[in-house]
Amino acid sequence: SGANAEVQVPEGFESQASDWGQTGGADPLKQVMAIAAHLHDEGGYTDGEAPFQRYTAGHYVGRLAQFVGGDQIAGDDEQFAATMALLANQVGVPARVVLGAKIPDNGVVRGKDVHAWVELRVADGTWRTLPTDQFMDRNHPPDPHPPRPRRRPRQRLLGPRLLPVRRGAGRPDLWHDQGRTAAHP
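Cut-offs and rules
- Residues numbered from 1 in each chain as written.
- Predicted model: local features only at pLDDT ≥ 70, side-chain atom pairs only at ≥ 80, totals over all residues.
- Heavy atoms only, no water.
- Helix = DSSP H or I, 4+ residues; strand = E, 2+ residues; numbered from the N terminus.
- Pairing = 2+ DSSP bridges.
- Axes fitted to C-alpha atoms, helices over the stretch in contact; angles between N-to-C directions.
- Parallel < 35°, antiparallel > 145°, perpendicular 65-115°, else oblique.
- Contact = heavy atoms within 4.5 Å.
- Nonpolar A, V, L, I, M, F, W, Y, C, P; charged D, E, K, R; others polar.

Caption draft 1: The arrangement of unusual backbone geometry in detail. In the segment running from A50 into P51, the intervening peptide bond is cis, with an omega of 5 degrees. For P51, the position within the fold is in the loop between β2 (44-45) and α3 (61-69).

So, in structure tokens, the structure goes:
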């Protein structure tokens, strides 16, 4: 049972959540939306193709530390979704990453067909999709000549905040209930 497992979170995520979410005031869900807006506005989308090969795939602690603490926020939906969910959890909104694929006509699913998105738990206990266009802009590539590197956060181990993954789950297109407040753990 994964309910008691520990999730590694890169050091600095707590302060990033606080800094990026501050315009949301005291409401955790509004903080999540402020964090999403920051990732959307400051992040660059790349699948790691030329000239952005240094932005590798993955959502392990080191990659997420580089994603948030490197010279610029740059990655694909995997890094954006994992970071968004971890930061939402940091401000008290339960969040999880969901992976799914759009099956092509030939029925063969390849890596390019698999996508990650975020679901947030609202007050009634249901999970609602946070539209990816709220925290990621696929049409905004990273700067090919970024400014000097930012401070690179170190990793640390936090308590039992989990990101359950539902493989193959259907992907709702809309956040159906933005007016509700998030449930607090």
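Caption draft 2: Spatial organisation of the pairing of strand β5 (residues 114-121). Pairing of strand β4 (residues 95-101) with β5 involves seven bridges; the strand directions are antiparallel. The partner of V97 across the bridge, within β5, is V118. Pairing of β5 with strand β6 (residues 127-130) involves four bridges; the strand directions are antiparallel. Paired with E119 across the bridge in β6 is T129. As consecutive antiparallel partners, β5 and β6 are separated by five residues, and within that stretch G125 has a phi angle of approximately 90 degrees, a positive value.

Caption draft 3: Local environment of the environment of E14. Within the element layout of this structure, E14 appears in helix α1 (residues 13-21). Separated by 75 residues in the primary sequence, E14 and N89 place their C-alpha atoms 9.4 Å from one another.

Caption draft 4: Structural view of the packing of α1 against helix α4 (residues 77-90). Between α1 and α4, the shortest axis-to-axis distance is 9 Å and the interhelical angle comes to 80 degrees. The angle between the axes of α1 and α4 places the two elements in the roughly perpendicular class. For the pair α1 and α4, contact is made by F13, E14, Q16, A17 and W20 and by T83, L86, L87 and Q90, respectively. When grouped by side-chain class, the residues that make up the contact of α1 with α4 number five nonpolar, three polar and one charged.

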